[in-house]
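# Report on the structure
So the chains spell out like this:
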Amino acid sequence: MSKEELYAQALEATKFSYSPYSKYKVGAALLTKKGPIFKGCNVENASYGGTICAERTAVFKAVSEGYTEFSKIAIAESNDGDCTPCGFCRQVLSEFSKDGSILVICKINGELIEMPLRELLPHSFTF
């Protein structure tokens, strides 16, 4: 699957975002090594600690269905602007990528890029 195709699915997932506080709608599309794609969106809460990012929503959905090996994840925000995973999400992704090889697709400076997780989080707890 191309980075453009997976990014389009992440952008589609932003439509389900529950973000009444920040108004920042984020979507993620996670490609498993076995083929299925799991999408997620950010879900905010008035108790900010209860908020969950799109990337973690996608990962937790996949893991709850028995998938723990991932090849790519795309992250998008509803206005198709720049959007990279936060530190929490980078660390959660590293839990399922012991060598940091999951490819992360996101926009930086308006350009759709694809890079290994180890470049976004060079000193994770797991690799």
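Scroll up to find the structure this text is about.
We now turn to the structure provided with this report.

Rules and cut-offs
- Residues numbered from 1 in each chain as written.
- Predicted model: local features only at pLDDT ≥ 70, side-chain atom pairs only at ≥ 80, totals over all residues.
- Heavy atoms only, no water.
- Pairing = 2+ DSSP bridges.
- Helix = DSSP H or I, 4+ residues; strand = E, 2+ residues; numbered from the N terminus.
- Axes fitted to C-alpha atoms, helices over the stretch in contact; angles between N-to-C directions.
- Buried < 20%, exposed > 50% of the residue type's maximum accessible area, 1.4 Å probe, protein only.
- Contact = heavy atoms within 4.5 Å.
- Salt bridge = Lys/Arg side-chain N within 4 Å of Asp/Glu carboxyl O.

## Brief notes about the sheet that holds strand β1 (residues 26-32)
With mixed pairing, 5 strands are arranged side by side in an open sheet as β2-β1-β3-β4-β5. The sheet is open, and its two edges are formed by β2 (37-41) and β5 (111-116), each paired on a single side. Between one strand and the next, the sheet's axes are offset by a mean angle of 20°, whatever the strand orientation. Of the pairings in the sheet, the one linking β1 to β2 comprises 5 bridges and is antiparallel in character. By the bridge assignment for β2, Ala28 is matched with Gly40.

## Brief notes about the environment of Phe60
Tracing the sequence through the fold places Phe60 in helix α2 (residues 54-64). Take Phe60: its relative accessible area is 42%, and that puts it in the partly exposed class. Spatially, the C-alpha atoms of Phe60 and Arg118 are 20 Å apart, while their sequence positions differ by 58 residues. The residues contacting Phe60, other than those within four sequence positions of it, are Ile52 and Val92.

## Details of the pattern of salt bridges
Taken as a whole and assessed by the stated rule, the structure comprises 4 salt bridges. A salt bridge links Lys15 to Glu12; the nearest nitrogen and oxygen atoms lie 3.2 Å apart. Between Lys98 and Glu95 there is a salt bridge, and its shortest N-O distance comes to 3.7 Å.

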